[in-house]
Every structure is written in structure tokens, then in C-alpha cells.
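# A structural walkthrough
Okay, here's what each chain looks like letter by letter:
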Amino acid sequence: MSKHQLTHLKELESEAIYVLREVAAQFEKPALLFSGGKDSIVVSYLAKKAFWPAKIPFVLMHIDTGHNFKEALDYRDMWVEKLGVKLIVKLVQDSIDKGRAKEEKGINASRNVLQTVTLLDAIEELKLDCCIGGARRDEEKARAKERFFSHRDDFGQWDPKNQRPELWNLFNGRKNQGENFRVFPISNWTEMDVWQYIYAEQIELPSLYFSHKRKVFVRDGVLYADEGVIIKKPTEITEERIVRFRTVGDISCTGAVESTASTLEEIIEEVAVTRTTERGTRIDDKRSEAAMEDRKKSGYF
């Protein structure tokens, strides 16, 4: 890695740490949203750096759909113990059981959208005034509209036309009763930045990100894991392939890519030449042209 690349990563790291420290200074009860994916792992790693040698001054919270990859859950528990932080897990299944959310039916059913209900209920129950996330502006056009400090009204909703200016990295966390913020410390990072930072810092990751054998089937040109979560069509045949995941989320909406990249160096080389975005394998983004923006307006991460 060149000196220029290392300098660039250090600048991004410094910016993210500054944002995290602003969260600790401006909010009374923040939480870091943690999925076990690479972006939330990097944000939690940065939080450890930001407050070292003190402990991270906020909890980690996982909104568990019940359809997560086992590898991601095993990693989550290991990582939380390593960080020495408290983990709060809120279950989408509880929202369904309480009648707060309705399970989708059919071959394209997913619990991904239902996470919004569980998250908003958790914010109200725990009286959280800020949720820190690992979203990046390069991921998707709706996320490109986000500020570092993203204001949400007392219904948890986001208005992209009512974003506060952030000149000279001055962040306005003022809010009224019941309102809250989503904060995105790595907003300015790209997928390549994340991978190069993981490589530079030698951050441990779930095995899902590296090449491995897995039973998958093809739907609309995307490889999905056959884990008994997705209802298959009669024409969809399960076969074993060498794959890895570029992004990790709910099994029902997360696709894999065929890849032999088994090291961080090989992943970086692969990302450098790929023609598709990492969210190109996320079926939840393909439900409509404005799928992500619609979810964010209703309170999604």
C-alpha cells in the first residue's frame, strides 16, 4: 500500500473518530447499530480507537431478523466480547408476535423491511437519542443524500429535503422531545477504502467475506444461499459453488458472488476491477427505483 493511500486512510480515520467523539459529546443515550457486516465492524473498531484507553461510551445494538447467517452471529458475539461492550439484541420475531409487524408471504418474502418497526420500537423503549450506523454515501443514491448527522422526527422519519448544513464539520445535534439522530461516521468512505483500512489494520472479519463452498441457487442472475429461509421456485436448483459475500445482511435479501478471493489482498484486487456495486446483490434495493429512499423515509437505518 502506497504512502498516499495510507495518508488517505488516516484522514478518513481521523474524520470518523471526530464524528464519534461528537456523538459522545452531544447525545445522552446513543447506540451503535451492529449487524456483523464489515462496515459496522469498522465503525465499532473506530469507536474503540476514538475512546481508548477508556471503554466505548455507548452500547451496541443488533436488530436480529431471525434470518441471519450463523457465521455473522458467531462473529458478533466474539467481537462484542473482544470490545468489552454491552450488546442489546432486539428481535423482529418479537415484533411479529406482538402484531407490530406482519410477516411477508411468497417466494420474495423478506424480513428486511420489518427491521424498521423493531428499530423504532427499540429507540422509543430505550429512549435512544442517536443511532450510529455504518452506511456510506457511495453505496446507494438515497444514502448519498445523507449528512453525517441525519435528523429524524418524532415518528423516526427522514426528510431528505430538511437536512442541516454541515459547514466546516460543525454538526448540529439539537433536537426536540422525541426526535433522534442517525449518525454515519464513515459517510465519505468507499468500499475500497473500507477494504484497504481492514487490510491496513488487520481487522478480523466473518468467514462469509472470504471464498468458501456454499449451497446456492440462482434467481434473477443473483446467487442466494440455500439455508431454508427463501422459498424456491420449482425451477430453481440448488448446487454447490465457490462464493463469497460482498455485503452481509438478512439471508432472504443478500446475494453471493462467485469468487476465489480468500485473502484481503485478493479481495482488494477483485473490488478494484469489479463493474457492479456491492449492493448489486441486495434484492431489497431492487423492489423499486426508490426502494432504499422509501425505507429510509419510514425510519430504516
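Structural data are supplied above this passage.
Description of the structure in this document.

Parameters and conventions
- Residues numbered from 1 in each chain as written.
- Predicted model: local features only at pLDDT ≥ 70, side-chain atom pairs only at ≥ 80, totals over all residues.
- Heavy atoms only, no water.
- Helix = DSSP H or I, 4+ residues; strand = E, 2+ residues; numbered from the N terminus.
- Buried < 20%, exposed > 50% of the residue type's maximum accessible area, 1.4 Å probe, protein only.
- Contact = heavy atoms within 4.5 Å.
- Areas by Shrake-Rupley, 256 points an atom, 1.4 Å probe, with all protein chains shown as cover.
- Pairing = 2+ DSSP bridges.
- Axes fitted to C-alpha atoms, helices over the stretch in contact; angles between N-to-C directions.
- Phe/Tyr/Trp six-rings, centres within 6.5 Å; stacked < 30°, edge-to-face > 60°.
- Patch = residues over 30% accessible without salt bridge, like charges linked within 9 Å, V, L, I, M, F, W, Y side chains within 5 Å.
- Salt bridge = Lys/Arg side-chain N within 4 Å of Asp/Glu carboxyl O.
- Polar contact = N/O pair within 3.5 Å; in protein donor to acceptor, adjacent residues only side chain to side chain.

## Observations regarding the overall build of the protein
Each helix and strand in the protein was counted, giving 8 helices and 10 strands. By residue count, 53% of the 301 residues in the protein fall in the buried class. Long-range contacts, defined as pairs at least 24 residues apart, comprise 72% of the intrachain contacts of the protein with a sequence gap of at least 6. Carbon and sulfur atoms provide 51% of the accessible area of the protein, an area that totals close to 14400 Å².

## A closer look at the environment of Pro 165
Here Pro 165 is to be found in the loop between β5 (149–152) and β6 (180–183). The exposure class assigned to Pro 165 is exposed, which follows from its relative accessible area of 56%. Sequence-wise, Pro 165 and Arg 147 are 18 residues apart; in three dimensions their C-alpha atoms are separated by 8.0 Å. Other than its neighbours up to four places away in sequence, Pro 165 contacts Arg 147 and Leu 170.

## A word on the sheet that holds strand β1 (residues 30–33)
Taken together, the 6 strands give an open sheet; going across it, the order is β3-β2-β1-β4-β6-β5, and neighbouring strands pair in mixed fashion. Two strands bound the open sheet, and with one partner strand each, they are β3 (87–91) and β5. Adjacent strand axes in the sheet meet at a mean angle of 30°, parallel and antiparallel pairs treated alike. Here strand β2 (residues 59–64) runs beside β3; their pairing, made up of 5 bridges, is parallel. Bridging from a neighbouring strand, Ile 63 pairs with Lys 90 of β3. Packed on one face of the sheet, helix α1 (residues 3–26) meets β1, β4 (130–132), β5 and β6 and runs near 40° to β5.

## Points about the packing of aromatic side chains
What the rule picks out here adds up to 13 aromatic pairs. Note on Phe 69 and Phe 245: the rings are 4.9 Å apart at their centroids and 55° apart in plane angle, and the pair reads as tilted. Taken as a pair, Phe 69 in the loop between β2 and α3 (70–83) and Phe 245 in the loop between β9 (239–244) and β10 (255–258) lie far apart in primary sequence, 176 residues in all. The pair formed by Phe 69 and Phe 245 is uniform in burial state, with each residue classed as buried. Their ring planes at 80° and their centres at 5.6 Å tell us that Trp 195 and Tyr 209 sit as a pair that is edge-to-face. Here Tyr 209 lies in the loop between α6 (191–201) and β7 (212–219) and Trp 195 lies in helix α6, a separation of 14 residues in the sequence. By the burial criterion, Trp 195 is buried, and Tyr 209 matches it. Grouped by ring-pair contacts, the aromatic residues Tyr 18, Phe 27, Phe 148, Phe 149, Phe 171 and Phe 181 constitute a single cluster.

## A word on the pairing of β10
Walk down a regular strand and you will see the side chains alternate between the two sheet faces. In this structure, strand β8 (residues 222–225) lies alongside β10, joined through 2 bridges in antiparallel fashion. If you follow Leu 223 over to β10, its bridge partner there is Ala 256. With 2 bridges joining them, β9 and β10 adopt antiparallel strand pairing. Along β10, the bridge assignment pairs Val 243 with Glu 258.

## Points about a nonpolar patch on the surface
Residues Leu 167, Trp 168 and Leu 170 make up a contiguous nonpolar surface patch of roughly 430 Å² in combined accessible area. Within the secondary structure layout, Leu 167 lies in the loop between β5 and β6.

## Describing the pattern of salt bridges
Per the stated rule, a full pass over the model turns up 20 salt bridges. Taking the shortest distance from any N to any O, the salt bridge between Lys 90 and Glu 125 comes out at 3.0 Å. Here Lys 90 is found in strand β3, whereas its partner Glu 125 is found in helix α5 (residues 115–126), with 35 residues between them in sequence. A residue is classified by how much of its surface remains accessible, and Lys 90, at 18% relative accessible area, is buried. Notably, a salt bridge pairs Arg 219 with Glu 236, separated by 2.8 Å at the nearest N-O pair. Residue Arg 219 is found in strand β7, and its partner Glu 236 is found in the loop between β8 and β9; the two are separated by 17 residues along the sequence. Overall, the relative accessible area of 6% leaves Arg 219 in the buried class. What emerges from the salt-bridge pattern is a single network uniting Lys 10, Glu 13, Lys 49 and Glu 201.

## A closer look at the side chain of Ser 40
Within the element layout of this structure, Ser 40 appears in helix α2 (residues 38–51). The exposure class of Ser 40 is buried, given its relative accessible area of 6%. There is a polar contact of 3.3 Å between the side chain of Ser 40 and the backbone nitrogen of Ser 35. A polar side-chain atom of Ser 40 sits 3.5 Å from the main-chain amide nitrogen of Gly 36. What Ser 40 contacts, discounting residues up to four positions off in sequence, is Leu 32, Leu 33, Phe 34 and Ser 35.

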